[in-house]
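Structural features, examined
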Amino acid sequence: MNILKPLDFILIGKTGNGKSATGNSILRKEDVFNSNYGSASVTKEPQYQVSKFENYKIQVVDAPGVIDTDSKKDEDIKLITGAMEEAVEVNPDGYHAFLVVVKFTQRFTPDEQKAIQILKGILGEDFLKNYGIIILTKGDAFKREEKKGLTMEKYCNEEEGPFKDLLNECSNRIVLFDNVTEDTAEQNKQVKNLIEMVERLPNGGARYSNELFEKAALKRKHMYITSKLPMIRKETLEAQTLILDEIKNCDFERDENRKIDALVRLLPQIDAIIKDLTEKDQGTGALKELLDNVKQTRTDATNKINHATQIIEDDKKMKELEEKIQREAEEMIFKKTQEIEKETAEIEVRMQNEIKMFELKIQLMNKDKADEEKKKLKKKMKEEKKRMEEENKKKEEHIRRQAKEEFDRQHAELEKQRAENKKLQEKETERLKRELAETQERYEVIFEKANRGFLRRFWDNVTGLFT
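Everything numeric in this text was worked out from a predicted model, so none of it was measured. (Residues numbered from 1 in each chain as written. Predicted model: local features only at pLDDT ≥ 70, side-chain atom pairs only at ≥ 80, totals over all residues. Heavy atoms only, no water.)

With six of six residues buried, strand 5 (residues 132-137) is to be regarded as a mostly interior element. Inspection of the sheet shows strand 4 (residues 97-103) paired to strand 5 by six bridges, in the parallel sense. Residue Lys103 lies in a different strand from strand 5, and its bridge partner there is Thr137. Across three bridges, the pairing between strand 5 and strand 6 (residues 174-176) is parallel. Note on strand 6: the bridge partner recorded for Ile134 is Ile174. (Buried < 20%, exposed > 50% of the residue type's maximum accessible area, 1.4 Å probe, protein only. Helix = DSSP H or I, 4+ residues; strand = E, 2+ residues; numbered from the N terminus. Pairing = 2+ DSSP bridges.)

A few words now on the environment of His411. Structurally, His411 is set in helix 14 (residues 367-452). In this structure, the C-alpha to C-alpha distance between His411 and Glu322, residues 89 residues apart in sequence, is 7.1 Å.

Across its 26 residues, helix 12 (residues 256-281) extends 37 Å between first and last C-alpha, which sits within 8% of the 38 Å expected from 1.5 Å per residue. After helix 12 finishes, the residue Gln282 shows a positive phi value of roughly 55 degrees. (Expected span 1.5 Å × (residues − 1).)

Glancing now at the sheet that holds strand 5. As summarised here, the arrangement of the six strands in space is 2-3-1-4-5-6, forming an open sheet in which the pairing is mixed. Each having just a single partner strand, strand 2 (47-53) and strand 6 make up the two edges of the open sheet. Neighbour-to-neighbour, the strand axes of this sheet turn through a mean angle of 30 degrees, independent of strand direction. Sitting on the sheet, helix 8 (residues 184-199) is in contact with strand 1 (5-13), strand 2, strand 3 (56-62), strand 4, strand 5 and strand 6, with an inclination near 170 degrees to strand 6. (Axes fitted to C-alpha atoms, helices over the stretch in contact; angles between N-to-C directions. Contact = heavy atoms within 4.5 Å.)

Volume-wise, the largest pocket comes out at about 690 Å³. Surrounding the largest pocket, 22 residues form its lining, Arg254, Glu256, Ile311, Lys422 and Gln425 being those nearest its centre. Mapped onto the lining of the largest pocket, the elements with two or more residues apiece are helix 12, helix 13 (288-364) and helix 14. Each residue belonging to the lining of the largest pocket can be placed in one class, and the counts come to five nonpolar, five polar and twelve charged. Along its surface, the second largest pocket is lined by 14 residues, and Lys29, Glu30, Asn179, Thr181 and Gln187 are the ones closest to its centre. Elements that contribute at least two residues to the lining of the second largest pocket include exactly helix 1 (19-27) and helix 8. A total of three residues in the lining of the second largest pocket trace back to one element, the largest contributor, which is helix 1. (1 Å grid on protein atoms, 1.4 Å probe; cavity = no way out; pocket = protein on both sides within 12 Å on 5 of 7 lines; lining within 4 Å. Points joined across faces, edges and corners; volume = space filled by probe spheres on them. Nonpolar A, V, L, I, M, F, W, Y, C, P; charged D, E, K, R; others polar.)

Here is the structure:
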């Protein structure tokens, strides 16, 4: 008993291109796939059939709806992705080739090309390069043109636009199918041509498997999120603009504590936007630009909070320094006053001792001489007391002058430091204002472009497949 070699194909193409008829021709059976030209997809679910050809067991899966343009829903990408997921589930072993069915008598349209781009996003960038083969239907019409000199090589060389791009994607792999011929030899020949081309694929006989489909999952997510980008961008810019206005208003607040409170209240709002964008991004990087902009807004708000906090700390330190200088000056005056009072007390004690000595002399001297000496002593004491008062006054004035000079010097240094800090604050405020204005202007430009429809063109291109 010969073991049959399996060959698994999946058909993709626009309804009306002869996709179901091609499946019937490959299987060499009649009406195993319901073929109805000129109508919408007969079914929205994949169909599959199997047949034997020589030493091959051929299975063909028809994935209708993948390149059709009759859907007008906003969830088109999800629907296409779902269709391909079902097709992969139908045959978990994978596919040897993706057969892109194109009609000879009908141009391959830009809409179909866009659908192929969506499929590349779903199945992987190189799925056509490694597994793609073009099936050109209406072979009967092509043969009539052959009689007029047309060849497949000439046809491929003369084609331009989307079909030429598709042909390049598939490395010029194309097989002609006549789905209406009743010539058995011709039917077998075109199936053999297809098998020979499959065996020459660069994948070395490997299948496109569920494993490869899963590897392309991140890109599918990226494509879907990108399709939602205009709406997400609009919502984000609206929320961020309100926050930027609040940040700008904080620049006019003179009370640094109130400024900090206002900015701190904005942080949870910014964090909520970042969290929402991160969850929507799903690790694809599609929303990186928006995330970076919002994160920069948070950084600006945090810098303003730190700057205001630094100003409060600097003011507190300057106030403490002023109080310290005042306290040290008062302590110095008090200490010097005590020294003067002590010195004065010592002089008074010394003078009292001299008076006592004088009284002793009085007892030994006659009264007249004693009076004279007493007068001289009183005069001397009076002069000494006056001298001491003047000297103490000068010392006190000198001490106060020194204290005042020291206070003025340190206060001048504080004022200089405060002025420098104010200049730095003003410079930083101007820088932040410029950055805020630039960010605001950038967002306004983006938002204006969005209103003109510039940012919706990608989504329009995608949904244009179904309009």
